[in-house]
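A closer look at the structure
What follows is each chain in one-letter form.
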Amino acid sequence: MAMPSALSFLLLFSAVAVGVIAQPLPPPRHDGFVYTDHRVDPDTVVVEAFLDPVCPDSRDAWPPLKQALQYYGPRVWLVVHLLPLPYHDNAFVASRALHIVNALNTSATFQLLEMFFKQQETFYNDQTKNMSRAAIVKSVVIFASQVVGNSHYSSIASGFNDRQTDLKTRVSFKYSTSKGVSATPSFFLNGFLLPNAGSPIDYNKWRSFIDPLIAAQGQRK
Ligand SMILES: *[C@@H]1O[C@H](CO)[C@@H](O)[C@H](O)[C@H]1NC(C)=O
Ligand SMILES: *[C@@H]1O[C@H](CO)[C@@H](O)[C@H](O)[C@H]1NC(C)=O
């Protein structure tokens with residue numbers, strides 16, 4: 001019996017050692033920023049949105065989604081996952097800023113996301129192609145501090161030197177790809193992918209997706 005237990009100790013030890021160096025998955029907290037803070041019960045319709053803060057289609061998808069959430073109130077719950085697309089040069093930096101700000105002040109997360117949507121062009125590939133990576137990070141730090149409050153400037157700047165915030169952003173990327181998502185925006189409704197991934201969904205379309213679900217719940221009762 002001595003051998004197996006020594007062996008399992010070794011295996012456990014190496015698993016722990018590897019876990020420290022490599023990406024610890026699953027993460028200790030589920031990925032995603034929860035938009036609405038109300039209670040979730042079995043009848044709550046769950047929307048998962050996969051967005052890239054510097055993607056124009058994600059930007060265009062946001063207002064009608066917000067409008068739908070406002071309409072449904074506590075019957076619909078939204079969690080936003082970030083998918084920084086590799087061909088958007090500054091998507092990872094922008095997504096990392098969102099994780100940094102989320103850790104500093106959760107309620108500022110969506111304000112920053114909306115500000116990225118509003119002033120997205122600043123961080124497009126063409127507009128930043130002459131900038132060094134350090135200059136881009138600095139400009140994102142300034143941008144984010146303007147949203148969260150300039151007193152947070154140094155916390156946001158040091159967030160970019162904290163490996164944990166890099167890992168959290170990687171978890172977002174890995175979560176998205178593990179769901180087979182490769183385009184933004186993509187939406188899951190009660191766990192199922194909605195058609196036309198990569199295109200915004202307008203308000204009427206949201207109503208046409210969600211109204212029947214809520215009607216069906218009514219029949220069940
Ligand atoms: C967090 O952000 C919210 C929304 O921007 C703001 O009202 C609040 O004062 C902030 N809290 C702190 C501690 O900075
Ligand atoms: C980048 O640099 C090139 C060469 O100096 C210049 O022609 C171009 O306008 C610059 N682009 C931006 C967005 O600043």
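Above this text you will find the structure in question.
Summarised in this report is the structure supplied together with it. Because the structure is a prediction, the values reported are computed rather than measured.

Focus: the overall build of the protein
Per the secondary structure count, the protein includes nine helices and five strands. Going residue by residue from the N terminus, the α and β elements of the protein occur as α-β-β-α-β-α-α-α-α-α-α-β-β-α. Among the 221 residues that make up the protein, the fraction classed as buried is 42%. In the protein, the proportion of contacts linking residues at least 24 apart, taken out of those at least 6 apart, comes to 76%. Counting only carbon and sulfur atoms, one obtains 59% of the accessible surface of the protein, whose full area is about 12,200 Å².

Overview of the pairing of strand β3 (residues 76-82)
Among the seven residues in β3, seven count as buried, and that is most of the element. Burial along β3 is two-sided: V76, L78, V80 and L82 facing one way and W77, V79 and H81 facing the other are all buried. With two bridges connecting them, strand β1 (residues 33-34) and β3 associate as antiparallel partners. By the bridge assignment, V34 is partnered in β3 with V79. Inspection of the sheet shows strand β2 (residues 45-51) paired to β3 by seven bridges, in the parallel sense. Within β3, the position partnered with V45 by the bridge is V76.

Focus on the sheet that holds β3
With respect to topology, five strands assemble into an open sheet ordered β1-β3-β2-β4-β5, the strand pairing being mixed. Of all strands in the sheet, those with a lone pairing partner are β1 and β5 (192-193), marking the two edges. Relative to strand β4 (residues 186-189), β2 runs antiparallel, the two being bridged by four bridges. Of the residues in β4, the one forming a bridge with F50 is S186. Contacting β2 and β3, helix α8 (residues 163-178) crosses the sheet at an angle of about 110 degrees to β3.

Side note on unusual backbone geometry
A cis amide bond, omega 0 degrees, links T184 with the succeeding residue P185. Within the secondary structure, P185 sits in the loop between α8 and β4. Of note, the phi angle at N190 is positive, near 45 degrees, even though the residue is not glycine. By relative accessible area, N190 is classed as partly exposed at 38%. Backbone geometry at N196 places phi at a positive 60 degrees, although glycine is not the residue there. Mapped onto the elements, N196 comes out in the loop between β5 and α9 (203-220).

Concerning the pattern of salt bridges
For the coordinates displayed, the defined rule picks out six salt bridges. Measuring nitrogen to oxygen at the nearest pair gives 2.6 Å for the salt bridge that ties K66 to E114. Of this pair, K66 sits in helix α2 (residues 56-72) while E114 sits in helix α4 (residues 109-118), and the two are 48 residues apart along the sequence. Residue classification places K66 among the partly exposed positions, given a relative accessible area of 29%. Here R170 makes a salt bridge to D166, at a shortest N to O gap of 2.8 Å.

Focus on the environment of R59
Mapped onto the elements of the fold, R59 is located in helix α2. Between the C-alpha atoms of R59 and K118, which are 59 residues apart in sequence, the distance is 7.7 Å. Of the polar contacts made by the side chain of R59, one reaches the side chain of Y124; its length is 3.5 Å.

What counts as what
- Residues numbered from 1 in each chain as written.
- Chains lettered and ligands numbered in written order.
- Predicted model: local features only at pLDDT ≥ 70, side-chain atom pairs only at ≥ 80, totals over all residues.
- Heavy atoms only, no water.
- Helix = DSSP H or I, 4+ residues; strand = E, 2+ residues; numbered from the N terminus.
- Buried < 20%, exposed > 50% of the residue type's maximum accessible area, 1.4 Å probe, protein only.
- Contact = heavy atoms within 4.5 Å.
- Areas by Shrake-Rupley, 256 points an atom, 1.4 Å probe, with all protein chains shown as cover.
- Pairing = 2+ DSSP bridges.
- Axes fitted to C-alpha atoms, helices over the stretch in contact; angles between N-to-C directions.
- Salt bridge = Lys/Arg side-chain N within 4 Å of Asp/Glu carboxyl O.
- Polar contact = N/O pair within 3.5 Å; in protein donor to acceptor, adjacent residues only side chain to side chain.

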